Amino acid sequence: LIDSRDAIAKLLSPKGDVIGTAPASFVAEKQLRIVFPSISLGDEKFMQALVEIALDGQTSAPEIQSQLFLYSPPTFEAPNPLWVSAEGGAVVRIKADPLFQSAA
């Protein structure tokens, strides 16, 4: 991938119809940051969506295509332990449910 100010990501339905777009910013080699507007987990059109990248903002590169994965936002529980020294060095565990359950 190359850095491009015009790069966008396209959300495609399984039939190839564009169902959404968002700016894509270059992070590092083989990494882009894409932030799509809020997507409802119950919306069927996003369940099998694909993501394509158009570096020039128009022409998609078919070799840069990936499945879109949707994750439910986790609910965080209290950390364990609740209190630690301000001096540092303590291990704090944070439990969340679900944490990437839909990625399995």
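Since this is a predicted model, take the numbers as computed values, not measurements.

A short note on the confidence of the model for the chain
Of the residues in the chain, 72% have a pLDDT of 70 or more, and the chain-wide mean is 75. No element of the chain has a lower mean pLDDT than strand β7 (residues 96-97), which averages 68, and none a higher one than strand β1 (residues 8-12), which averages 87.

Digging into the side chain of lysine 10
Mapped onto the fold, lysine 10 is located in strand β1. No salt bridge forms around the buried lysine 10; measuring N to O, its nearest opposite-charge neighbour glutamate 52 is 5.7 Å away. A polar atom in the side chain of lysine 10 sits 2.7 Å from the backbone oxygen of glutamine 58. Those residues in contact with lysine 10 that lie beyond four places of it in its chain are Val18, Gly20, Thr21, Leu50, Val51, Glu52, Ala54, Gln58 and Ser60.

What about the pairing of strand β2 (residues 18-28)?
Alignment of β1 against β2, held across five bridges, turns out to be antiparallel. When the sheet's bridge partners are listed, lysine 10 is paired in β2 with threonine 21. A loop of five residues connects β1 with β2, the two strands running antiparallel in sequence, and glycine 16 in this loop sits at a positive phi of about 100°. Summarising the sheet, β2 and strand β3 (residues 31-34) pair through four bridges and their orientation is antiparallel. Opposite serine 25, over in β3, you have arginine 33 as the bridge partner. Between β2 and β3, which pair antiparallel one after the other, the connecting turn spans two residues, and lysine 30 there sits at a positive phi close to 65°.

Brief notes about the nonpolar core
Formed by Ala9, Leu11, Ala22, Phe36, Phe46, Ala49, Val51 and Ile53, the largest nonpolar core amounts to eight residues. Counting only elements with at least two residues in this core, the list comes to β1 and β4 (50-54). What phenylalanine 36 contacts, discounting residues up to four positions off in sequence, is Ala9, Leu11, Thr21 and Ala22.

Section: the sheet that holds strand β5 (residues 65-67)
Taken in spatial order, the five strands line up as β3-β2-β1-β4-β5 in an open sheet, and their pairing is antiparallel. Both outer strands of the open sheet, β3 and β5, are each paired with one neighbouring strand and no more. Between one strand and the next, the sheet's axes are offset by a mean angle of 35°, whatever the strand orientation. Sheet topology note: the β1/β4 ladder contains five bridges and is antiparallel. Directly across from alanine 9, in β4, lies its bridge partner isoleucine 53.

Focus: a nonpolar patch on the surface
Judged by side-chain polarity, Phe76, Val84, Val92 and Ile94 come together as a nonpolar surface patch covering roughly 400 Å² of accessible area. Here phenylalanine 76 lies in strand β6 (residues 75-76).

Reading the values: the criteria
Residues numbered from 1 in each chain as written. Predicted model: local features only at pLDDT ≥ 70, side-chain atom pairs only at ≥ 80, totals over all residues. Heavy atoms only, no water. pLDDT = per-residue confidence, 0-100. Helix = DSSP H or I, 4+ residues; strand = E, 2+ residues; numbered from the N terminus. Buried < 20%, exposed > 50% of the residue type's maximum accessible area, 1.4 Å probe, protein only. Lys, Arg positive; Asp, Glu negative; His and termini not counted. Salt bridge = Lys/Arg side-chain N within 4 Å of Asp/Glu carboxyl O. Polar contact = N/O pair within 3.5 Å; in protein donor to acceptor, adjacent residues only side chain to side chain. Contact = heavy atoms within 4.5 Å. Pairing = 2+ DSSP bridges. Core = buried A, V, L, I, M, F, W, Y, C linked by side-chain atoms within 4.5 Å. Axes fitted to C-alpha atoms, helices over the stretch in contact; angles between N-to-C directions. Patch = residues over 30% accessible without salt bridge, like charges linked within 9 Å, V, L, I, M, F, W, Y side chains within 5 Å. Areas by Shrake-Rupley, 256 points an atom, 1.4 Å probe, with all protein chains shown as cover.

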